Each structure stands twice: as structure tokens, then as C-alpha cells.
Amino acid sequence: MKNIIMAVEGEKKRFALLRQAFIEKGFSVNLIPVRGLTIFTDMSGSRVKASNLSSFSSAVYLETPLALAQFVEPLLDYIELKGLYCQVHKKAYYVASNEMLQLSVLNSYNIKIPPTRIFGNIEQIKKSADKFSYPVIVKIYKDGEKIQSMIAKSPEELVASTERAQGNNAIVRECIEGDVDYCAVIGDEVFALRRPSKDSAVALQPMKNARPIRLSKTEEETAIQAASICGCDVATVKLCRGFVLKVKPYVNMLLFTRRTGRNLFEKTAELFEERG
Amino acid sequence: MADIVIIASTHYNKGNNKIFIEEASKVFDKVLFVPINRLTVVEKNGISKILYKGTNILEFDACYPRFGSSDYFMGETVLHVLEQSQIYMPVSLKGYQISNHKYYTIKKLAEHGIPCVLTSLSASPQSMRNIVEEFGFPIVLKLISGFGGRGVMLVSSEDELQSILDTVHLFEEYISAQRFVPGGNTDIRCYVIGDEVLSVRRTGAPNDWRANISRGGKAEIIEGNKKMEQCAIQAAKLLGFDICAVDFIETDLTKEGFVVIEVNYQPGPFRKFLGNVVPKKMMEFIRKKVEKKAAK
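In this text the structure is predicted, and so the values were computed from the model without any measurement.

K.L.:
Looking at this structure, I do not really get the domain arrangement of chain A. What am I missing?
P.N.:
How big an interface is tends to be stated in terms of accessible area lost as the parts join. According to the domain assignment, chain A consists of domain 1 (2-94), domain 2 (99-110 + 177-275) and domain 3 (116-174). On a C-alpha basis, the centroid separation for the pair domain 1 of chain A and domain 3 of chain A is 37 Å.

K.L.:
What is the right way to read the sheet that holds strand β1 (residues 3-8) of chain B from this model?
P.N.:
Think of a sheet as strands paired side by side through backbone hydrogen bonds, with each pair either parallel or antiparallel. Residues and elements named next belong to chain B. Strand order in the open sheet formed by three strands is β2-β1-β6, and the pairing between neighbours is parallel. In this open sheet, the two edge strands, each paired with only one partner strand, are β2 (30-35) and β6 (62-66). On average, each strand axis in the sheet is inclined to that of its neighbour by 15°, with strand direction left out of account.

K.L.:
Just to check I follow, could you spell out the domain arrangement of chain B for this structure?
P.N.:
Residue and element names in this part refer to chain B. Taken domain by domain, chain B consists of domain 1 (3-90), domain 2 (98-113 + 183-265) and domain 3 (119-179). For domain 2 versus domain 3, the separation of C-alpha centres amounts to 23 Å. Carbon and sulfur atoms supply 72% of the area buried between domain 2 and domain 3, which totals about 830 Å² over both sides. A per-residue breakdown of the area domain 2 buries against domain 3 is headed by Lys102, Tyr103 and Trp209, which together make up 58% of the total. Counting across the domain 2 and domain 3 interface gives zero salt bridges. Applying the counting criterion to the domain 2 and domain 3 interface returns zero residue pairs in polar contact (both at pLDDT 80 or more). Among the elements that make up the side of domain 2 that touches domain 3, the one with the highest residue count is helix α4 (residues 102-110) (three residues). Its residues assigned to classes, the side of domain 2 that touches domain 3 shows four nonpolar, two polar and two charged.

K.L.:
Sorry if this is basic, but what is going on with the packing of aromatic side chains here?
P.N.:
The description of two aromatic rings rests on the distance between their centres and on the angle between their planes. One pass over the full model with this rule turns up 17 aromatic pairs over all chains. Ring geometry for Tyr72 of chain B and Tyr96 of chain B: centres 5.5 Å apart, planes at 15°, overall stacked. In this pair, Tyr72 of chain B sits in helix α2 (residues 72-84) while Tyr96 of chain B sits in helix α3 (residues 93-99), placing the two residues 24 residues apart along the sequence. Like Tyr72 of chain B, the residue Tyr96 of chain B is buried in the burial classification. Taken together, Phe67, Tyr72, Phe73, Tyr96, Phe241 and Tyr265 of chain B form an aromatic cluster joined through their ring pairs. Its guanidinium or amino end placed over the ring of Phe243 of chain A, Lys112 of chain A lies 4.5 Å from that ring's centre, counting from NZ or CZ.

K.L.:
Please explain α4 of chain B as it appears in this structure.
P.N.:
Count 3.6 residues to each turn of an α-helix, and residues three or four apart come out pointing the same way. Extensive coverage of α4 of chain B is indicated by the burial of eight of its nine residues. When we look at burial in α4 of chain B, the residues that qualify are Tyr103, Tyr104, Thr105, Ile106, Lys107, Lys108, Leu109 and Ala110 of chain B.

K.L.:
Quick question: what am I supposed to make of the interface of chain A and chain B here?
P.N.:
Facing 47 residues of chain A, the contacting portion of chain B comprises 54 residues. Each partner contributes to the roughly 4,300 Å² buried at the junction of chain A and chain B, and carbon and sulfur atoms together form 53% of this total. On inspection of chain A and its partner chain B, the count reaches four salt bridges. Between Arg47 of chain A and Glu134 of chain B there is a salt bridge, with the nearest N and O atoms lying 2.9 Å from each other. Across the contact surface, chain A and chain B share 25 residue pairs in polar contact (both at pLDDT 80 or more). Counting only elements with at least two residues in the side of chain A that touches chain B, the list comes to β3 (38-42), β4 (45-49), α2 (69-81), α4 (99-108) and β6 (116-119) of chain A. Considering every element that reaches the side of chain A that touches chain B, the biggest residue donor is α2 of chain A, with eight residues. Of the residues that constitute the side of chain A that touches chain B, the class distribution is 21 nonpolar, 17 polar and nine charged.

K.L.:
Help me out: how do you make sense of the pairing of strand β10 (residues 180-186) of chain A in this one?
P.N.:
Within a regular beta strand, the side chains point alternately toward one face of the sheet and then the other, so they alternate between its two faces. All names here are of chain A. The buried fraction of β10 amounts to seven of the seven residues, a majority that puts the element mostly inside the structure. Of the two faces of β10, the one lined by Val180, Tyr182, Ala184 and Ile186 and the one lined by Asp181, Cys183 and Val185 are each fully buried. Where β10 lies against strand β11 (residues 189-195), seven bridges are found, and the strand directions are antiparallel. Residue pairing across strands places Tyr182 opposite Leu193, the latter belonging to β11. In textbook terms, the turn of a hairpin is the stretch between consecutive antiparallel strands, and for β10 and β11 this stretch comprises two residues, one of which, Gly187, has a positive phi near 65°. When β10 meets strand β13 (residues 234-240), the two strands line up antiparallel, connected through six bridges.

Calculation rules
Residues numbered from 1 in each chain as written. Chains lettered and ligands numbered in written order. Predicted model: local features only at pLDDT ≥ 70, side-chain atom pairs only at ≥ 80, totals over all residues. Heavy atoms only, no water. Domains from an automatic or database assignment. Pairing = 2+ DSSP bridges. Helix = DSSP H or I, 4+ residues; strand = E, 2+ residues; numbered from the N terminus. Axes fitted to C-alpha atoms, helices over the stretch in contact; angles between N-to-C directions. Buried area = accessible area lost by both parts, 1.4 Å probe. Salt bridge = Lys/Arg side-chain N within 4 Å of Asp/Glu carboxyl O. Polar contact = N/O pair within 3.5 Å; in protein donor to acceptor, adjacent residues only side chain to side chain. Nonpolar A, V, L, I, M, F, W, Y, C, P; charged D, E, K, R; others polar. Phe/Tyr/Trp six-rings, centres within 6.5 Å; stacked < 30°, edge-to-face > 60°. Buried < 20%, exposed > 50% of the residue type's maximum accessible area, 1.4 Å probe, protein only. Lys NZ or Arg CZ within 6 Å of the ring centre and 35° of its normal. Contact = heavy atoms within 4.5 Å.

Structure, rendered in C-alpha cells:
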């Protein structure tokens with residue numbers, strides 16, 4: 001029997017369904033909370049310990065909140081060194097946990113992203129206010145955590161909105177107006193939900209209004225490529241008119257399965273059958 | 001003609017940076033000094049720029065980034081853009097990410113045979129019980145809050161540990177634990193500059209268990225241990241650094257007689273004890289690299 005370790009942290013219902021999908025594909029599953037793990041290193045090498053696990057020796061499904069990036073990255077390094085398959089690769093959590101870095105990485109691979117400026121401090125924004133096509137999205141960060149997000153429709157609004165802001169970095173990104181496609185990438189397959197824009201075109205309707213759509217071949221390729229560049233075989237890629245807005249190293253499989261009618265838990269288990 | 005940009009931390013130490021600027025001015029035709037928070041990164045149509053007052057710093061010949069973990073996220077982004085460009089820099093994004101993580105540093109170096117002591121990383125204080133079973137007391141605990149270190153503590157008993165765990169639990173921090181190496185309060189810092197190593201012994205103040213210069217300790221250049229210096233060069237190469245400092249403690253716990261403690265990607269120059277020696281060597285090295293690159 002094939003073994004798989006699910007090292008996860010977060011939503012329990014979703015992980016229970018994924019575990020079931022793995023079992024149905026003939027895997028023996030060991031589900032462990034990431035917070036219960038300890039990695040030890042000495043001159044004889046590294047080892048991972050958990051209360052119900054003596055070593056990592058099979059494929060690993062790894063999913064945690066991005067806040068655990070500093071723990072996940074050495075763990076991914078360990079998994080890779082052991083030659084084990086995991087649906088996320090080294091650097092995936094570093095890239096996902098820093099939106100500024102992610103945009104820069106995608107742009108360096110010629111993935112279409114909206115024109116973006118990343119500011120070392122908020123004061124700098126004023127000096128660049130005339131450099132954008134409006135509207136723009138402004139995101140303010142403090143120690144890497146997004147603390148504020150707003151839309152500015154003119155240079156004056158941009159300057160006014162940042163005057164009250166507290167934080168140490170900011171991203172100002174030109175708005176790509178239109179519906180946003182949430183793409184679940186599972187290996188070479190893409191499953192998409194379209195979240196329609198409101199009348200104003202800048203804001204989006206609630207997620208409950210999202211509907212399944214079929215992407216063009218080019219859009220599918222963009223989503224897969226963006227996920228891969230960000231180190232993920234399983235990822236959610238947000239697309240708007242061909243521009244990549246964000247990549248997350250996990251998929252809300254429950255939501256996509258309900259809305260698209262395709263079983264993404266099963267698709268993920270098939271991916272591990274093929275690559276694990 | 002050759003020019004260099006030095007990127008400092010948002011809250012930079014004026015004294016330290018002044019001597020880097022002084023030494024850079026002796027070997028470069030133009031020196032630009034910029035705190036990282038004054039930079040703007042532009043990402044558009046597959047092209048990246050890093051602007052400072054309208055100047056794209058990617059057009060410089062060399063860059064020496066000297067920002068620390070307090071600028072971690074902007075630092076990662078700036079280093080990524082620099083790495084994609086033609087500019088020469090003596091550090092790497094990979095090395096920056098790993099050297100800002102004390103456990104990850106040890107993991108990387110130990111796996112390549114560089115002597116170290118048992119070190120661990122846990123994502124919750126609940127795992128501390130397992131760690132104590134492995135390590136016993138005393139134990140060195142390093143708290144990692146998000147990105148970058150937040151403090152190092154020497155824990156000698158169960159009572160001390162419990163009071164720390166109560167605090168850590170509140171903040172949901174990571175803990176890196178390390179076997180305590182009794183080495184007095186001295187360590188050896190190996191400045192790596194290309195293939196050259198300058199060994200410096202640091203001794204902490206009499207009442208300090210760490211070799212901490214900023215708390216009243218001292219530093220002196222010593223005749224280096226060749227094996228240790230080779231390990232320092234190997235560590236630098238593994239992390240993609242031409243310039244860094246690798247810190248060791250001498251101990252009889254390993255057959256080599258020393259263990260690595262950490263790698264510092266933007267080491268201080270210890271001007272009070274060493275004068276301008278370190279920045280001078282660093283800037284001369286970078287200048288030579290630029291010349292070699294131009295000659296190709």
C-alpha cells in the first residue's frame with residue numbers, strides 16, 4: 001500500500017475530505033498537525049519528529065497558513081533532500097508570504113502582471129502619484145502583514161488615502177477592471193470560477209455569485225505557469241483579463257468542488273498517484 | 001570608471017556605514033548610499049527597475065546590500081530584482097533568506113559537513129517537551145517571531161523553561177533550540193571576502209555569557225585555524241555569498257574542535273577594535289570583481 005503524510009494546519013473539514021480521497025485511491029494516510037512537528041539537525045543529518053510519526057518516508061501533502069512560512073521552508077528543504085514528492089516546492093512559501101516578492105518573481109518570468117510599484121515607505125507614494133493609470137489598488141504592509149487595502153481613483157485620492165496610513169511598505173498596482181477568475185491548478189489541470197465585477201467594474205461581487213467557467217487555452221497555460229514559477233503543483237491563481245493578480249500555494253477544494261461539480265479532492269489524490 | 005551603490009537598513013547605524021562609504025570612495029569613482037526605505041521597485045511588462053530619486057540603481061556596476069532582518073520583506077524583493085540584473089553584488093537572495101533564519105542556516109551547513117551541535121525548530125511551544133527530552137539542560141532557545149530573530153536565552157532549569165513557554169504561547173512564536181556549547185564568552189568570527197578569511201576573536205564582557213561586542217566586549221584579529229577558515233569559505237559558497245561573516249565557537253564536542261553558530265550576511269566592521277580593515281578589504285574585493293566582469 002502506498003503511504004502519504006498529510007502535514008497540515010487549518011481547516012479540518014477540507015482535510016478530512018482530502019484524506020478520504022487519498023484512502024479511496026489506495027493510500028494509507030498519516031494526518032499530522034504541522035505545529036506538532038519538530039525538525040532536528042546535527043552532524044548525522046536532519047530528522048522530523050511528531051508524536052505519531054518517527055520519520056518522513058513517503059510523499060507529503062503539505063498545507064499551512066502562510067504565517068508558518070519560516071517553519072515550512074526548512075521542512076520543504078528536508079522533504080526535497082529526502083527525495084519525497086510534495087505538491088509545493090522549496091521557496092513556495094517564501095514567495096507566497098511576501099506579495100512584493102511574488103509580483104517581482106512573476107514579472108521576471110514575463111508573466112503578465114498589472115503595472116506595479118513597490119515602495120520602501122509610504123511617503124514615497126506621493127512623489128509617484130502622477131505615474132499611474134487610475135484607478136489603482138493601494139496595499140499597505142507593516143512587517144510583511146497587509147494592514148490596509150484601498151482603491152484610489154485619482155492622484156489626489158491616492159495621496160489623501162496614504163496620508164493617514166500607518167505601515168512600512170506599500171504596493172500600488174494599476175486596477176485591471178473586469179471579472180476575476182479564480183483558477184484552481186491541480187498539476188496540469190485548471191478549474192476556474194469567475195467572480196463578476198460590480199457595476200463600478202473595480203469592486204467584485206460576493207464569492208457566492210462566482211460561477212464555473214471554461215478558460216481559454218492561453219489563460220490555462222498562464223495559470224499553470226504562474227503556479228509553477230511560484231513553486232506549486234497545486235495552487236489558486238487569480239486572473240483578470242490575462243493578468244495574474246495573485247498565486248496562493250493551496251486551493252479551497254471544498255468551494256471549487258461544490259461550484260464546478262468536479263471533485264478536486266479526487267484530482268489531488270490522482271496527482272499524488274501520478275507524481276508521488 | 002566604476003560605481004557602487006550601498007543599500008543600508010531603514011534604521012541604519014551612521015558610524016558603521018560612514019566607513020563603508022569612506023572605503024568605497026577610495027576605490028570607486030562614484031558611490032551612492034541609500035537607505036532601503038527610500039527605494040521604489042517598478043515592475044512592468046517583464047522589466048524591473050529600482051529607483052532612487054529617479055535614478056535606476058540597476059545601472060550601477062556594483063551593489064553592496066547591507067540591510068538587516070528589520071527590512072526583511074522589502075529586502076527579499078530588492079535582492080530578487082538585483083539578482084535578475086547585470087549588477088554585481090556579493091550576496092544572494094537565497095543566502096539572505098537562510099542566514100536570517102538561525103535554524104535553517106545550521107541545517108544547510110550541517111548537511112554539507114560543517115561542524116555544528118544539535119539544533120531544532122518547532123512551530124509551537126507545545127513541542128518543547130520533546131525537545132527537552134532530546135537536549136536536557138542547559139539549552140539555548142532562540143525565539144523566531146515571524147521573520148528574523150527576537151532574542152536568545154540560556155535556559156538552565158524546568159522552572160525557567162516554564163516561564164518562557166508561558167510567554168511564548170501568548171505570541172505563537174517559533175522556537176529554535178540548540179545544545180549549549182560551553183565556550184566561555186568568546187567566539188571566532190571569520191570574515192569571508194572571496195577566498196580570503198580574516199579571523200577575529202570576540203570576547204564578551206565578564207558578566208555576559210555571549211561574545212557580545214555591543215555589550216562591552218572586545219575583538220582582536222588572530223591567526224586563524226585553517227580548517228575553520230575552510231569551513232567559513234565553504235559556508236559562504238553554500239549560501240551564495242562572496243562576502244559575509246561566519247561565527248564559530250571552539251569546543252571539544254566535535255573532532256574539528258569547533259562548531260558553527262551562525263552566518264551574518266552584513267557583518268559589522270568592529271571599527272573600535274579593527275579600524276577600517278574589514279570595509280577596506282570588502283570594497284577592494286568588490287572593485288576587483290567589477291573589473292573582472294568588465295574585462296569579460
